[in-house]
Amino acid sequence: MAVKKIQSALISVFYKDNLEPIIALLKKHGVTIYSTGGTQKFIEEQGAEVIPVEELTSYPSIFGGRVKTLHPKVFGGILYRRENEGDVSQAAEFDIPAIDLVIVDLYPFEETVASGASEADIIEKIDIGGISLIRAAAKNFKDVTIIASKNQYAELEAKLEAQDGGTSLEDRRYFAAQAFQVSSHYDTHIFNYFNQIEAIPTLKVSESKAKTLRYGENPHQAAHFYGDLEGLFDQLNGKELSYNNLVDVDAAVNLIAEFPDQTAFAILKHTNACGCATAETVKEAYQKAFAADTTSAFGGVLVTNQIVDKAAAEEMHSLFFEVLIAPDFTEDALEILKGKKNRILLRQKMGLPGTKMIKTLLNGVIEQDKDLATESKEDFKVATKKAPSQKELDALVFAAKVCKHTKSNTIVLSNDNQLFASGVGQTSRVDALRQAIIKAKEFGFDLKGAVMASDAFFPFPDCVEIANEAGITAVVQPGGSIKDQDSIDFCDAHGMSMVMTGVRHFKH
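Here the residue index of a chain counts from 1 through its sequence in written order. Selection of residues for local features in this predicted model requires a pLDDT of at least 70, selection of side-chain atom pairs for listing and counting requires 80 or more, and totals for whole chains, interfaces and linings are taken over all residues. Hydrogens and water are ignored here; the side-chain numbers use all heavy atoms of the structure.

Asker: Could you give me a rundown of the overall build of the protein, with the residues and numbers involved?
Answerer: Each helix corresponds to a stretch of at least 4 residues labelled H or I by DSSP, and each strand to a stretch of at least 2 residues labelled E; elements are numbered beginning at the N terminus. A tally of regular secondary structure across the protein gives 19 helices and 23 strands. In summary, the protein has a C-alpha radius of gyration of 31 Å against a globular reference of 23 Å for 508 residues, an excess of more than 25%. Overall, the C-alpha framework of the protein stretches about 100 × 50 × 40 Å when taken along its three principal axes. Sorting the 508 residues of the protein into buried and exposed places 47% on the buried side. Contacts are residue-level and defined by heavy atoms, with any inter-residue pair within 4.5 Å sufficient. Contacts spanning at least 24 positions in sequence make up 55% of the contacts within the protein whose residues lie at least 6 apart. Taken as a whole, the protein presents about 25,100 Å² of accessible surface, with 51% of it coming from carbon and sulfur. As defined in this context, the radius of gyration uses C-alpha atoms, and a globule is described by 2.2 Å times the residue total to the power 0.38. Note on exposure labels: buried denotes an accessible area under 20% of the residue type's maximum, exposed denotes more than 50%, and partly exposed covers the range between, all computed with a 1.4 Å probe on protein chains only. Surface accessibility follows the Shrake-Rupley procedure with a 1.4 Å probe radius. Residue values consider only the protein chains on display as shielding.

Take a look at the structure:
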């Protein structure tokens, strides 16, 4: 496609990093440069001549810099159509010079909000002139090249180098699309800042970082991840994370966050824990988690909330697993674990941000608060004549935490530090319990004295009847059924204890 030589440029940026090569190229090609304020000073320091915007407009920067470029001589020079005789005639009549290149880097609104700055400082970082320049130049992409972010400086430099200081229509259209992405992303974050208080029922989501995944849930499905994954994890080894890896990693870090004051380890498959335990060391916690289901652990996602040391690494190295997540690894542990080149090792740098979750559904999107409720012993209300012992209370807390992060309908069986088994994703709560009992026995657990957690209430006493037959002595459930008393009466008649939380934890 034909290349159009750039003859004039308007530059107004917040960050000047890596702008020097572009200034050098514009200077080399004799481009007329317009600028203002700190950007003008920076360009002049590079040895290039600059025409101040104030000289072009015959107006000074006013209102503390709030109005600098908002003038017909600036926007006219960007917006007039070079092939439209009327536009060309009016530009000549009002002495409006053409502007062929606009380079803008907006005020850092997101960063200012994230810094905890005052509202006054945040408001001042809402860019007006810059965003207007971006939209004007992008609209007139047939004639004007727009660079809307410091992240595009290198691309522009390469184009100017390769095309003797010019751009093609294809280039300009590409940069225009990028520019509207920048402007829409910027406006989304401004709206969401204001909407924290106003609560207008509108969903605005914008993620400017994107990663193409190998495929989606299945090989025939294309997939992308949108977000700053590198801000959450350092990947220390292994192949690229897949769609299914990411889904399981999300479930894993949410589950392990339930144990902030204990050394915990969990093994997950298809977002459900097939093993979870607490212990004095990572090695011991892993051994107990693995023991819960030595079959399902194969190919699983592993997570711990403590540093993985050599002893733990040696213990788990023989297992084939997809991912291991930890806050850190000792050097000798890394040396062992990197022995499998495809094994993904993630160092988690921070907890999961945000309090909302969204999902596409039908012809729209549903949004809800994240389930951040976690019940402690203080939240339990004893419903039976017999109260749980302290050890049983600890076990009920543990079981309830795992249950919260397991697909409904679910039943979890455990003691105070180890998952014995769970019944996962069943259409019947009775089936979930029977599945859990079968699995627990299959892997050698004695359920006498074990506890049971349910994600939702018991509509009939059948679950506590089956649990009693298996040797389970204490139960935690939300309560709320019109037939709660039937289950309570059975527990009372058979020496079982039951506590209710009043909080349901469905997970679909």
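From this point on, the discussion continues.
Asker: Provide a residue-level description of the state of the cysteines, including the pertinent values.
Answerer: Here, a disulfide means two cysteine sulfur atoms that sit within 2.5 Å of each other. For the structure shown, the criterion picks out zero disulfides. We note that cysteine 491 lacks a disulfide partner, and the nearest cysteine sulfur, in cysteine 463, lies 11 Å from it. Cysteine 491 sits in the buried class, given a relative accessible area of 0%.

Asker: Kindly report on the pattern of salt bridges, identifying the contributing residues and their values.
Answerer: When a carboxyl oxygen of Asp or Glu lies within 4 Å of a side-chain nitrogen of Lys or Arg, that pair is called a salt bridge. Taken as a whole and assessed by the stated rule, the structure comprises 19 salt bridges. Between arginine 81 and aspartate 87 there is a salt bridge, with its nearest N and O atoms 2.6 Å apart. Judged by its relative accessible area of 46%, arginine 81 falls in the partly exposed class. Residues glutamate 258 and lysine 404 are paired through a salt bridge, measuring 2.8 Å at the closest nitrogen-oxygen approach. Placement of glutamate 258 in the loop between helix H12 (243–256) and strand E11 (263–269) and of lysine 404 in helix H16 (residues 390–404) is noted, with a sequence separation of 146 residues between them. Taking the relative accessible area as the measure of exposure, glutamate 258 reaches 8% and is therefore buried.

Asker: Summarise the sheet that holds strand E14 (residues 321–326); cite the residues concerned and give the values.
Answerer: The mixed open sheet is built from six strands, whose spatial order is E10-E15-E14-E13-E11-E12. One side of each edge strand has no neighbouring strand; the edge strands of this open sheet are strand E10 (233–237) and strand E12 (272–279). When strand polarity is set aside, the average angle formed by the axes of neighbouring strands in this sheet is 20 degrees. Here a strand pair is declared whenever DSSP counts at least two bridges between the two strands. The pairing of E11 with strand E13 (residues 300–304) spans four bridges and is classified as antiparallel. Bridge pairing links isoleucine 267 to leucine 302 in E13. Axis lines are fitted through C-alpha atoms, for helices just across the contact stretch, and the angle between N-to-C directions can take any value from 0 to 180 degrees. Contacts between H12 and the sheet are confined to E10, E11, E12, E13, E14 and strand E15 (344–348), with E11 contributing the most and set at about 150 degrees to the helix.

Asker: Describe unusual backbone geometry, with residues and values.
Answerer: A cis geometry characterises the amide bond from serine 408 onward to asparagine 409, with omega recorded as -15 degrees. On the secondary structure map, asparagine 409 appears in the loop between H16 and strand E19 (411–414). A positive phi angle is found at asparagine 18, which is not glycine, with a value near 65 degrees. Here asparagine 18 shows up in the loop between strand E2 (8–13) and helix H1 (20–28).

Asker: Account for the pairing of E19, naming residues and giving values.
Answerer: Alternating positions in E19 separate into two faces, Ile411 and Leu413 on one and Val412 and Ser414 on the other, with burial throughout. Pairing of E19 with strand E20 (residues 419–423) involves four bridges; the strand directions are antiparallel. Bridge pairing links isoleucine 411 to glycine 423 in E20. In this antiparallel pair of consecutive strands, E19 and E20, the connection spans four residues. Direction of pairing for E19 relative to strand E21 (residues 451–454): antiparallel, over a ladder of four bridges. Each bridged residue has a counterpart across the sheet, and for leucine 413 the counterpart in E21 is methionine 452.

Asker: Provide a residue-level description of the sheet that holds E21, including the pertinent values.
Answerer: An order of E18-E23-E22-E21-E19-E20 is seen for the six strands of this open sheet, with the pairing classed as mixed. Each edge of the sheet is formed by a strand with only one pairing partner; in this case those strands are strand E18 (381–382) and E20. Contacting strand E22 (474–477) and strand E23 (497–500), helix H19 (residues 484–493) crosses the sheet at an angle of about 150 degrees to E23.

Asker: Quick rundown of the nonpolar core? Include the residues and the values.
Answerer: Core analysis: the biggest nonpolar cluster contains 52 residues, and Ile11, Leu19, Leu26, Ile78, Val102, Ile103 and Ile146 have the highest contact counts within it. With seven residues, helix H10 (residues 169–198) is the largest single contributor of residues to this core. Apart from residues lying up to four places away in sequence, isoleucine 78 is in contact with Leu10, Ile99, Val102, Leu133, Ala136, Ala137, Asn140 and Val144. Leu268, Ile325, Leu393 and Val412 belong to the second largest nonpolar core, which has 42 residues in total. To form a nonpolar core, buried Ala, Val, Leu, Ile, Met, Phe, Trp, Tyr and Cys residues must be joined to one another through side-chain atoms within 4.5 Å.

Asker: I'd love a proper account of the packing of aromatic side chains, names of residues and values included.
Answerer: Given two aromatic rings, their pairing is described by the distance between the two centres and the angle made by the two planes. Here the aromatic set is Phe, Tyr and Trp, taking the six-membered ring for Trp, and pairing holds for ring centres within 6.5 Å; pairs whose planes are under 30 degrees apart are stacked, those over 60 apart are edge-to-face, and all others are tilted. All told, the structure shown has 11 aromatic pairs when counted by the stated rule. When the ring of phenylalanine 109 is compared with that of tyrosine 186, the centres are 6.3 Å apart and the planes differ by 65 degrees; the resulting orientation is edge-to-face. Of this pair, phenylalanine 109 sits in helix H6 (residues 109–114) while tyrosine 186 sits in helix H10, placing them 77 residues apart in sequence. Judged on exposure class, the residue phenylalanine 109 and its partner tyrosine 186 are both buried.

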